[in-house]
Amino acid sequence: MQTLKKLQFKLSDVSTYRSQLMGWSILWIMALHFRFISLKPLGFVAQYGFSGVEIFMFVSGLGLYHSLNKQPALLQFYQKRLIRIFPTYAIIGLFASFILLGDNLPTYLLRCTTIGFWTGMPYFEWYIPSIISLYFAAPFIKKLLDSRWSPALIVIVLFILVGAFFIAKSQPSDLSHFFLYYRIPSFIAGMVCTKCLLNKFIPLPAMMKCYWLTAALGVVVFIFCFPLHHQIYAYKYYSLFFLMPLFIAFFCIFSKLLGPLSYIIKSVGDASLEVYLIQYLFFSAIIHDQLPIKDQWHDAVTLLLIAGCSIAGILFHRAMEHVIFAVSAKRSSNTGV
């Protein structure tokens, strides 16, 4: 009976197991990036690891709505998130920029400030610039959602469609901007989910219907606007986009069944930023042939990279927490607060 109870999924589970969802997502993404060759079950699952990004976006929207609800002061909201990202991004970016990519200082600054991503100049990867842009947009999206439900969704959908049109027209082969716009519905869904949890006025079936209708519209528009992108995953990522709610439910239930062991996944999730950036160093080295791996050792190296990046990310995250806490405490003592 207790096991059956654990198998039941409640909407509140997405908040309870938020860190675990991020942990499973980053492990899935690393499995995609590093790949498996001989371990067929893992290789089959790993090839769909891009769906972990949808879960990341969903959980980010979930957490941002909740944070804005508790701390409506925009300056503090932005400050907290930028401090969380940019010091880590700049430090790990030093290795990527000067060791892997051979940059000079101006190019490094373009990359680590994310300016390069928005100006067609060099940048590290697409996810961090994208999530920062959504951080800035989150308060305005929340305000729309809190005003009137239906008009807010119409405005948001129009924004997505117009933005996708202009990006497709100006940068038809830019995969990175496509990856951002393709994931915006997942981010919105996360914010809507928190609104449902806090206000309890939108039933779950109605929310899911809205999500799937928005996703269906987005698929049609993105296929039209970005016809070249079928070369990446043969459109299979569109089908998995509709399955994101099922993946979220599965990972929540699995985390329940793991019991105390889910603390390991939670630790990976709490350090997901650091884990993601550290694995990016190795991923970048692999795709640029700076880290050749023989086929007979590929799966063993993949497992080692996933475990090693996870452990390194957790340690780096805890070190950064201590540094930020110490700096904040010193600043408070100097100002007499």
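What counts as what
Residues numbered from 1 in each chain as written. Predicted model: local features only at pLDDT ≥ 70, side-chain atom pairs only at ≥ 80, totals over all residues. Heavy atoms only, no water. Helix = DSSP H or I, 4+ residues; strand = E, 2+ residues; numbered from the N terminus. Buried < 20%, exposed > 50% of the residue type's maximum accessible area, 1.4 Å probe, protein only. Areas by Shrake-Rupley, 256 points an atom, 1.4 Å probe, with all protein chains shown as cover. Core = buried A, V, L, I, M, F, W, Y, C linked by side-chain atoms within 4.5 Å. Contact = heavy atoms within 4.5 Å. Expected span 1.5 Å × (residues − 1). Bend = angle between axes of the 7 residues up to and from the residue. Phe/Tyr/Trp six-rings, centres within 6.5 Å; stacked < 30°, edge-to-face > 60°. Lys NZ or Arg CZ within 6 Å of the ring centre and 35° of its normal. Salt bridge = Lys/Arg side-chain N within 4 Å of Asp/Glu carboxyl O.

Asks: Can you lay out the overall build of the protein chain for me, pointing to particular residues and giving the numbers?
Replies: A tally of regular secondary structure across the protein chain gives 17 helices and 0 strands. Scored against the burial criterion, the 337 residues of the protein chain give a buried share of 48%. When the accessible surface of the protein chain is totalled, it reaches about 17,200 Å², and 70% of it is carbon and sulfur.

Asks: Describe the nonpolar core, with residues and values.
Replies: Residues Ile-55, Phe-58, Tyr-127, Ile-128 and Phe-187 are the most contacted members of the largest nonpolar core, which totals 77 residues. Setting aside chain neighbours within four positions, we find Phe-187 in contact with Met-57, Phe-58, Ser-60, Gly-61, Leu-64, Leu-134, Ala-138 and Ile-141.

Asks: Outline the environment of Asp-295, listing residues and values.
Replies: Tracing the sequence through the fold places Asp-295 in helix α17 (residues 295-335). Given a relative accessible area of 56%, Asp-295 falls into the exposed group. It is 8.8 Å that separates the C-alpha atoms of Asp-295 and Ser-38, two residues lying 257 residues apart in sequence.

Asks: Mind laying out helix α6 (residues 74-100), listing which residues take part and the relevant values?
Replies: Taking 1.5 Å of rise per residue, 27 residues should cover 39 Å, and α6 covers 37 Å from first to last C-alpha, within 8% of that figure. Residue Gly-93 marks the point of greatest curvature in α6, where the axis turns by about 35 degrees. Along α6, the positions that sit buried rather than exposed are Phe-77, Tyr-78, Arg-81, Ile-85, Thr-88, Tyr-89, Ile-92, Gly-93, Ala-96 and Ser-97. Of the residues trailing α6, Gly-102 is marked for its positive phi of about 65 degrees.

Asks: Which residues make up the packing of aromatic side chains, and what values do they have?
Replies: According to the stated counting rule, one finds 17 aromatic pairs in the structure shown. Ring centres 5.8 Å apart and planes at 75 degrees place the aromatic pair Trp-28 and Phe-251 in the edge-to-face group. With a gap of 223 residues between them, Trp-28 in helix α3 (residues 18-34) and Phe-251 in helix α14 (residues 236-258) connect regions that are remote in the sequence. Assigned by exposure class, Trp-28 and Phe-251 land together as buried. Residues Phe-250 and Phe-254 carry aromatic rings whose centres are separated by 5.9 Å and whose planes lie at 5 degrees to one another, so their mutual orientation is stacked. Residue Phe-250 and its partner Phe-254 are both found in helix α14; the two are separated by 4 residues, about one turn of the helix. By relative accessible area, Phe-250 is classed as partly exposed at 48%. Residue Phe-254 is classed as partly exposed on the basis of its relative accessible area, which comes to 33%. Members of the aromatic cluster, each reached through a chain of ring pairs, are Trp-24, Trp-28, Phe-247, Phe-250, Phe-251 and Phe-254. Above the ring of Tyr-65, the side-chain terminus of Lys-142 is found at 4.9 Å from the ring centroid.

Asks: Before we move on, can you summarise the pattern of salt bridges with the specific residues and values?
Replies: Evaluated as defined, the whole model comprises 7 salt bridges. In this structure, Glu-54 engages Arg-183 in a salt bridge whose closest nitrogen and oxygen atoms are separated by 2.4 Å. One end of the pair, Glu-54, is in helix α5 (residues 51-70); the other, Arg-183, is in helix α11 (residues 175-199), with 129 residues separating them in the sequence. Among the residues examined, Glu-54 registers a relative accessible area of 1% and is labelled buried. Taking the relative accessible area as the measure of exposure, Arg-183 reaches 4% and is therefore buried. Of the charged contacts in the structure, one is a salt bridge between Lys-266 and Asp-270, with a shortest N-O distance of 3.0 Å. In this pair, Lys-266 and Asp-270 both sit in helix α15 (residues 262-270), 4 residues apart, roughly one turn of the helix.

In short, geometric facts, not functional conclusions.
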